[in-house]
Amino acid sequence: MASIINTSLTPEMADIQAQMESRARNHGLDFFPTVFELVDADQLNQVAAYGGFPTRYPHWRFGMEYEQLAKGYVYGLQKIYELVINNDPCFAYLMRSNELTDQKLVMAHVYGHCDFFKNNAYFAHTNRKMIDTMANHGQRIRTYMDRFGVEEVEVFIDWCLSIEDLIDIHAPAIKRRADVPRRFSTDENETHDEGSSRFDSKQYMDRFINPPETMRRESDERQRLRKESQAAVGPMPSEPERDVMLFLMEHAPLQPWQADVLSIIRDEAYYFAPQAQTKIMNEGWASYWHSTIMTTQGLTASDLICYCDHHSGTLASSPTRLNPYKLGIELMRDIEERWDRGQFGKEWDDCDDWETKQRWDRATGLGREKIFEVRRIHNDLTFIDEFLTLDFCRRYKLFKFGWNEDLDAYEIESKAFPQVKAQLLANLTNRGRPQIAVRDANYRNRGELLLENYYEGVELDAKYAADTLTNLFALWKRPVHIETVLEDDRVVLSYDGIDHERTDIGDDALVRS
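Residues numbered from 1 in each chain as written. Predicted model: local features only at pLDDT ≥ 70, side-chain atom pairs only at ≥ 80, totals over all residues. Heavy atoms only, no water.

Chemist: Is there a simple way to explain the overall build of the protein chain in this structure?
Modeler: Within the protein chain, the secondary structure is distributed over 20 helices and 11 strands. Evaluated residue by residue, the protein chain yields a buried proportion of 47% over its 513 residues. In the protein chain, once contacts between residues fewer than 6 apart in sequence are set aside, the share between residues at least 24 apart is 68%. Surface accessibility of the protein chain: about 26,200 Å² in total, with carbon and sulfur atoms responsible for 51%. (Helix = DSSP H or I, 4+ residues; strand = E, 2+ residues; numbered from the N terminus. Buried < 20%, exposed > 50% of the residue type's maximum accessible area, 1.4 Å probe, protein only. Contact = heavy atoms within 4.5 Å. Areas by Shrake-Rupley, 256 points an atom, 1.4 Å probe, with all protein chains shown as cover.)

Chemist: Could you clarify how one ought to interpret the pairing of strand β5 (residues 400-404) in this entry?
Modeler: Taken together, the 5 bridges between β5 and strand β6 (residues 409-414) define a ladder with antiparallel strand orientation. Bridge assignment links N404 to a residue of β6, and that residue is A409. (Pairing = 2+ DSSP bridges.)

Chemist: Just checking my understanding: could you explain the pattern of salt bridges for this structure?
Modeler: As a working rule, side chains carrying opposite charge can pair if their charged atoms are close by. A full pass over the atoms with the stated rule returns 30 salt bridges. For the salt bridge of R338 with D334, the shortest nitrogen-to-oxygen distance reads 3.5 Å. Pair noted here: R338 and D334 are both in helix α13 (residues 324-340), with a separation of 4 residues, about one helical turn. Residue classification places R338 among the buried residues on the basis of a relative accessible area of 13%. Across the salt bridge formed by R362 and E347, the nearest N and O atoms sit 3.1 Å from each other. Of this pair, R362 sits in the loop between α15 (354-359) and α16 (367-377) while E347 sits in helix α14 (residues 346-350), and the two are 15 residues apart along the sequence. (Salt bridge = Lys/Arg side-chain N within 4 Å of Asp/Glu carboxyl O.)

Chemist: Explain a nonpolar patch on the surface here, please?
Modeler: Taken together, the side chains of Y73, V74, Y75 and L77 define a hydrophobic patch exposed on the protein surface, amounting to about 490 Å² of accessible area. If you trace the backbone, V74 turns up in helix α3 (residues 60-74). (Patch = residues over 30% accessible without salt bridge, like charges linked within 9 Å, V, L, I, M, F, W, Y side chains within 5 Å.)

Chemist: Help me understand unusual backbone geometry, please; the structure alone is not making it clear to me.
Modeler: It is generally the case that most residues other than glycine have a negative phi and that most peptide bonds are trans. Going from D88 to P89, the amide bond is cis rather than trans, its omega being 5°. Backbone geometry at D408 places phi at a positive 60°, although glycine is not the residue there. Relative to the elements of secondary structure, D408 occurs in the loop between β5 and β6. Judged by relative accessible area, which is 57%, D408 ranks as exposed.

Chemist: Got a minute to help me understand the environment of V47 in this structure?
Modeler: Mapped onto the elements, V47 comes out in helix α2 (residues 41-49). Taking the C-alpha atoms as reference points, V47 and Y66, separated by 19 residues in sequence, lie 8.6 Å from one another. If sequence neighbours within four positions are ignored, V47 has contacts with G52, F53, L83 and Y93.

Chemist: What's the story with the packing of aromatic side chains in this structure? I'm lost.
Modeler: Where two aromatic rings form a pair, the distance of their centres and the angle of their planes describe that pair. Applying the stated rule across the entire model yields 29 aromatic pairs. Plain terms: the ring middles of Y271 and F272 are 5.0 Å apart, the flat faces sit at 80° to each other, and that makes the pair edge-to-face. A relative accessible area of 25% places F272 in the partly exposed class. Through successive ring pairs, a cluster of aromatic residues spans Y144, F148, F156, W159 and W257. Here the guanidinium or amino end of R242 rests over the ring plane of Y454, the centre of that ring lying 5.0 Å away. (Phe/Tyr/Trp six-rings, centres within 6.5 Å; stacked < 30°, edge-to-face > 60°. Lys NZ or Arg CZ within 6 Å of the ring centre and 35° of its normal.)

Chemist: Mind showing me how you'd approach the nonpolar core here?
Modeler: Across soluble globular proteins, you tend to see nonpolar side chains buried next to one another. Counting residues in each nonpolar core, the largest one holds 53 residues, and the members touching the most others are M20, F36, L94, W285, M332, F383 and I384. Taken domain by domain, the makeup of this core includes at least three residues from each of domain 1 (2-120) and domain 2 (316-429). Apart from residues no more than four positions distant in its own chain, M332 is found in contact with M281, W285, Y288, I371, V374 and F383. One finds I157, I163, I169 and L449 within the second-largest nonpolar core, a separate group that totals 49 residues. (Core = buried A, V, L, I, M, F, W, Y, C linked by side-chain atoms within 4.5 Å. Domains from an automatic or database assignment.)

Chemist: For this particular structure, what's the right way to read the environment of M145?
Modeler: As for its position among the elements, M145 is in helix α5 (residues 130-148). Once the C-alpha coordinates of M145 and P58 are considered, the two residues, 87 residues apart in sequence, prove to be 9.3 Å apart. Beyond its immediate sequence surroundings of up to four residues, M145 is in contact with P58, V150, V153 and E154.

Chemist: Can you help me understand the pairing of strand β10 (residues 489-495) in this one?
Modeler: For a regular strand, side-chain orientation follows a simple rule: the groups alternate between the two sheet faces. With 6 of 7 residues buried, β10 lies mostly within the body of the structure. Between the antiparallel neighbours strand β9 (residues 480-486) and β10 lie 2 residues, among them E487 with a positive phi of about 55°. Sheet topology note: the β10/strand β11 (residues 500-504) ladder contains 5 bridges and is antiparallel. Looking at β11, one finds that V492 is bridged to T503. The turn linking β10 back onto β11 is made up of 4 residues, and G497 within it adopts a positive phi angle of 95°.

Chemist: What am I meant to see in helix α4 (residues 100-119) here?
Modeler: Each α-helix winds once per 3.6 residues, and so residues spaced three or four apart point in a common direction. When the terminal C-alpha atoms of α4 are compared, their 29 Å separation across 20 residues agrees well with the 28 Å that a helix rising 1.5 Å per residue should span. Among the 20 residues of α4, 17 are classified as buried, and the element is accordingly described as predominantly covered. (Expected span 1.5 Å × (residues − 1).)

Chemist: What exactly am I supposed to notice about the packing of helix α11 (residues 279-298) against α16 here?
Modeler: Closest axis-to-axis distance for the α11/α16 pair is 11 Å, and the angle between their directions is 145°. Here α11 and α16 pass one another in a crossing that is left-handed. Note on element contacts: α16 touches α11 through R368, I371, F372, V374 and R375, opposite M281, W285, Y288 and W289. Its residues assigned to classes, the contact of α11 with α16 comprises 7 nonpolar, no polar and 2 charged. (Axes fitted to C-alpha atoms, helices over the stretch in contact; angles between N-to-C directions. Left-handed = near helix turned anticlockwise from the far one by under 90°. Nonpolar A, V, L, I, M, F, W, Y, C, P; charged D, E, K, R; others polar.)

Chemist: What am I meant to see in the packing of helix α9 (residues 244-251) against helix α10 (residues 256-277) here?
Modeler: For any two helices packed against each other, the geometry is given by the interaxial angle and the distance between the axes. Look at α9 against α10: their axes get within 10 Å of each other, and the N-to-C directions meet at 165°. With respect to each other, α9 and α10 are oriented roughly antiparallel. For the element pair α9 and α10, the recorded crossing hand is left-handed. Of α10, the residues touching α9 (which contributes M245, L246, L248 and M249) are A259, L262, S263, I265 and R266. A class-by-class count of the residues in the contact of α9 with α10 yields 7 nonpolar, 1 polar and 1 charged. (Parallel < 35°, antiparallel > 145°, perpendicular 65-115°, else oblique.)

Structure representation (C-alpha cells):
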C-alpha cells in the first residue's frame, strides 16, 4: 500500500514521487511515510539553518548559519539539493528551482536516507516525533525568555551549547544508569534538586500547592543529607561519568528553568549524534540507491547528461578532504561485489595467490543481502574497521596527509594501508570529538569540578579548552579543571572565575579509564 503524502508538489512531481517510492520499495527499501515540501532557495536555507526543522528555539546562532548559507547560495559557492529529517513521517525539502532530473535524483536519494533512518540500529533510540518535540522545546524556551529575559536565557544557552558534545554516545545502547526524572518549577529562586516532594500543578496554582518556603526547607535538608551520604560512600562520581551534561543536570546548582534548558540541549544532542556517527554510511547508502534507481529505471534520454553531471559532482574526490558520499558508495559497492563473488570467509582469507584472488568467483550472489545487513547493524567506525581492505585502498589511492611545519604546507605522510586505516578510525572515534569525562566533583575537597581528557594522540585546542572551562565555571559556580596532555606533558588546565592556569603534573597523576 502506497504511503504518499503530497504537500505543495505539482501534479507532475507528485507522479514522479509515486514512481520513485514504488521503485524504492521494489528494491526492498523500507521507510516511513515521506512528506515532500517544494520550497524556494531562501526557505530551504532557513530550514537548513534550523538543522532541517521548520521551527526551533530562538537563538542567534541560527541566524548566523542562515546568513552563511544564504550568502553561499547568492555567491554561487554552495547549493542545497536535498534536506531530509529523521522523523515519522519523514520530511524532505525540494528546491523549487531545480531541474526535473534533479528532483528525481533527490527523491531517490531521500528514500535511501529514510530507509537508513528507520532501520539502522544507531537510530533506533531516536525520537520519531522530533518535529513536534522541537516545536515544544521552542515554546518552553520562549516562555523562559518572556519570564527571565531574552539575554539571560540566550547566554545560558550559549554555555550549554559549548558542552553539547560532552555526552556518552554509547549510553542509549548501554544502560549505565536509571533515567533522570524531569521536574519543572515556576520558582526562579529555587535550585534544581531531584527527589523533591513537589506536586504537579498548573502555573497559577503552584505557589499554593507547593509553598516556596516549604520547598526551600526540603531542598536544604536533602542537600545536607546528600553531603553526609557522599562523605560516607566516597568520591562522586564513583566512576568517571562521560555524560557531562547529565552530571551537571543532576549536581550543578541550577535553577529549574536552567536545568530544563540544559535537558533540552542534551536531548537534541542525543538526537543528532547518530547522524554524525553514520555520515559515511548514510550518504553512501542513499547515493547507492539513487544511483541504482536512476540508472536502472529512472532516467530518460533527456535526463542523462544532467544526471551524470550532478552525480559525478556529488561523488567528486578532493586531495585535501574526505568525501563521505564517495567513500560510502564505493565501499558499499565493494562489499556487494565481494559477497556476490564469494570473496569472504576462511578460504578466501587463507588464499595468498594474487592471480587466484583476481579470478575468484563462487557466484554466491549474497551481495545485496549483505549490504542490507551492513546498513542495519554498523556505524561508520565499525563499517571502516570491518570492510576497508588493502585492495580497496590501492584501487582508490587513499593516503594519509599531514602538516609539514618546515615546508609550511600539507604533504602526503603515508600510503601504507595500516596508517591510512588507523587515521580514518581515529577521525571517526567518538565522532572525531575529544573524549572527556567527569572524574571528581569534589576535587581538592573544595567542591571543585575535575574533568579528564582521554588522550589518544591529539591535543585539545587551547583556546577552545579555555572557553569551555569558562562556560563550565558559569554552570558549576566553582573552579573547574581538566586533566589532559599538552606538548607531551600531563597537565591540569584550570579556571577559577578570574584566571586561567596550567599546572604540570608529570606522570604522578591518577588516571582512571
